[in-house]
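Fold and contact review
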Amino acid sequence: LLPGGELVVSAAMDNRLRLWDARSGALEAELTGHTSAVSDVAVDAAGKTAVSGSMDMSVRIWDLDAQAEAGKLLGHTSV
C-alpha cells in the first residue's frame, strides 16, 4: 500500500508488478521487465519508488510516477 492509501503494488508469478486502485480495485498499470516470477516488492516511504526481487536473480527499481523501470541490479547467484 502506497502512502496515502490510494494505490496498492503487488508482485506476481507472471513476472509482473501491478498497481491497483485501492478504492475501486481497478488495475492501474502493469510493470514489466523481470523474466521470471517476482517474489518481493517494497515501496519507499514517499511512495515514489518500488524495488522488486525476482527468481530471475535481479532486483529492479521502479519509478512509480512514470510507471517505468528506473534501474536494475544483476549479479545474484542464487535465489
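The numbers attached to residues start from 1 for each chain and follow its sequence in the written order. At least 70 in pLDDT is required for a residue's local features to be given in this predicted model, at least 80 for side-chain atom pairs to be given and counted, and no such filter applies to totals for whole chains, interfaces and linings, which use all residues. No hydrogens and no water enter the side-chain calculation; it runs on all heavy atoms of the structure.

Turning our eyes to something else, we now look at the pattern of salt bridges. The term salt bridge refers to a pairing of a side-chain nitrogen on Lys or Arg with a carboxyl oxygen on Asp or Glu at a separation within 4 Å. Enumeration over the complete set of coordinates arrives at six salt bridges. With its nearest N and O atoms 3.9 Å apart, the salt bridge here joins R60 to D56. Relative accessibility thresholds used throughout: buried, under 20% of the residue-type maximum; exposed, over 50%; partly exposed, between the two (1.4 Å probe, protein chains only). According to the relative accessible area criterion, R60 is buried, its value standing at 7%. Between R60 and E69 there is a salt bridge, and its shortest N-O distance comes to 3.0 Å. The partly exposed category is assigned to E69, whose relative accessible area is 31%. One salt-bridge network, held together by shared partners, links D14, R16, R18 and E30.

Nine residue types can take part in a nonpolar core, namely buried Ala, Val, Leu, Ile, Met, Phe, Trp, Tyr and Cys, and a core is a set of them joined through side-chain atoms within 4.5 Å. One finds L2, V9, L17, L19, A29, L31, V38, A50, W62 and L64 forming the largest nonpolar core, which totals ten residues. Every helix listed is a DSSP run of H or I at least four residues long, and every strand listed is a run of E at least two residues long, numbered separately from the N terminus. When residues of this core are traced back to their parent elements, those giving at least two are β2 (17-21) and β3 (27-31). Discounting residues that sit within four places of it in the chain, L19 has contacts with V8, V9, A26, L27, E28, A29, L64 and Q67. By the convention used here, residues are in contact when the closest approach between their heavy atoms is within 4.5 Å.

This brings us to the side chain of D56. Its location among the elements puts D56 in the loop between β5 (49-54) and β6 (59-63). Of note is the side chain of D56, whose polar atom sits 2.6 Å from the side chain of S58. What D56 contacts, discounting residues up to four positions off in sequence, is H34, T35 and S36. Pairs of N or O atoms within 3.5 Å make up the polar contacts considered here, provided that, within protein, one atom can donate a hydrogen while the other can accept it, and that residues adjacent in sequence are counted only when both atoms are side-chain atoms.

With that settled, consider the sheet that holds β6. Here the rule is simple: two strands pair whenever DSSP picks up at least two bridges between them. Ordered by their spatial adjacency, four strands build an open sheet running β4-β5-β6-β7, and the pairing between neighbours is antiparallel. Each end of this open sheet is capped by a strand with a single partner; those strands are β4 (38-43) and β7 (68-73). Taking the axes of each pair of neighbouring strands and ignoring which way they run, one obtains an average angle of 25 degrees across the sheet. Relative to β6, β5 runs antiparallel, the two sharing five bridges. Each residue of the ladder has a partner; that of T49, found in β6, is D63. Where helices are involved, their axes are fitted lines through C-alpha atoms of the stretch in contact, as for all axes, and angles between N-to-C directions lie from 0 to 180°.

By themselves these figures say nothing about function.
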